[in-house]
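Coordinate analysis (summary)
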Amino acid sequence: MPSLHFILHFIFAFFLFSCPSNAQTIIVDKGGNGNFSSVQKAIDSVPPNTNSWTHIYIKSGIYEEKVVIPGDKPFIFLQGESKDTTSIEWGESGSSTQSATFTLNADNFVAADLSFKNTYNLALSAVLDDQKPILWAPAATIYGDKASFYNCSFFGVQDTLTDAQGRHYYKSCYIEGAIDFIWGRGQSVYEGCVLNATTGALGKAGYITAQGRESSNDTSGFVFLSCSIYGTGPVDLGRAYRQFSRVVFRNTYMSDVVQPEGWSAWSFVGKEKDIVYSEVSCSGPGADKSKRVKWEKNLTTEELKQLEAKNFINQDGWIQGQPQVK
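This is a predicted model, so every value here is computed, not measured. (Residues numbered from 1 in each chain as written. Predicted model: local features only at pLDDT ≥ 70, side-chain atom pairs only at ≥ 80, totals over all residues. Heavy atoms only, no water.)

Moving on, we get to the domain arrangement of the protein chain. Here the protein chain is partitioned into domain 1 (23-123 + 133-143) and domain 2 (178-315). Placing the centre of domain 1 and that of domain 2 at their C-alpha centroids yields a distance of 27 Å. (Domains from an automatic or database assignment.)

Pasting the structure below:
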């Protein structure tokens, strides 16, 4: 017979989000007071190709495991008790995609109140001692379309968040890293997020973004709305991973860790006309544009309108159709 403690947590998890009445809830608890003690085992239990939501509620703890949601398991909602107390952690490196602690291959996904961490070189102490090189080591790799993250944290050094492809929405998230720590071909909006550039130990500048838009018709890009940039050392807002890279910061606070030039064309020097990097109504000492690269774009009112969340990623209202996190 389930314990009273288990029943109370089940009731709490049920009322914490709004889902269709046929949704099921699975409890993950390291202490054994749930359906599973492993996040991956909970995911494995979800039937493939379902069209109803499964709520996987993860109780506080550090879950040391590599987690993958396969493409045939859509409509999963992962929720921790708090991003400060519930963490999925692993320490693999060497691949910008295959080494991720968490990999999402399925469409229609929500995560909330949860941390994703790649522990490889996380403290950067090994880098200072020249014992371990900096390698690609994502905390999360996101391939699925219609994925949203609320109150989540992502910890890593290089390629922390591999925002690979698809439409994604990040709300009130924390993202930490030093080199290309948000990168990929995602079509994504980051709203109210905190970006922490941990480049102080490197002795050189890092990069927040490395966006990979490949043509003028490619719909991908990163849009940051009302975010904050802090850190321990110098950082550029982005470098062009592909020739048509597109990144826009709007109403974002930038501390003095942001370098005066702001952006790098990287391998595409001479082709800057194709790169779409722009800042609109930003503030803070790092937002001074007087020494920015001359090829930064001034977008028109219509171009900016098309990059608003409702037009850029949410044309069909998929965000409102997902479980609404309170």
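Tallying each qualifying case throughout the model produces 12 salt bridges. Measuring nitrogen to oxygen at the nearest pair gives 2.8 Å for the salt bridge that ties Arg239 to Asp180. Of this pair, Arg239 sits in strand β23 (residues 235-239) while Asp180 sits in strand β17 (residues 179-184), placing them 59 residues apart in sequence. Residues Asp218 and Arg185 are paired through a salt bridge, measuring 2.9 Å at the closest nitrogen-oxygen approach. Note that Asp218 is positioned in the loop between β20 (206-211) and β21 (221-225) and Arg185 in the loop between β17 and β18 (187-191), a separation of 33 residues in sequence. A residue is classified by how much of its surface remains accessible, and Asp218, at 10% relative accessible area, is buried. (Salt bridge = Lys/Arg side-chain N within 4 Å of Asp/Glu carboxyl O. Helix = DSSP H or I, 4+ residues; strand = E, 2+ residues; numbered from the N terminus. Buried < 20%, exposed > 50% of the residue type's maximum accessible area, 1.4 Å probe, protein only.)

Looking at where Pro74 falls in the secondary structure, it is placed in the loop between β5 (67-69) and β6 (76-80). Classification of Pro74 as buried rests on a relative accessible area of 14%. Beyond its immediate chain neighbours, meaning those up to four positions away, Pro74 contacts Asn49, Thr50, Ala106, Asp107 and Asn108. (Contact = heavy atoms within 4.5 Å.)

Turning next to the confidence of the model for the protein chain. Put simply, the protein chain has an average pLDDT of 92, and 90% of its residues get 70 or more. Below pLDDT 50 for its whole length, residues 1-16 participates in 20 contacts with residues either more than four positions away or in separate chains. (pLDDT = per-residue confidence, 0-100.)

Quick look at the pairing of strand β24 (residues 246-250) now. In terms of burial, β24 is largely enclosed, as five of its five residues are buried. Of the two faces of β24, the one lined by Arg246, Val248 and Arg250 and the one lined by Val247 and Phe249 are each fully buried. Pairing between β21 and β24: four bridges, direction parallel. When the sheet's bridge partners are listed, Phe222 is paired in β24 with Val247. With five bridges connecting them, β24 and strand β27 (residues 276-280) associate as parallel partners. Bridge pairing links Val247 to Tyr277 in β27. (Pairing = 2+ DSSP bridges.)

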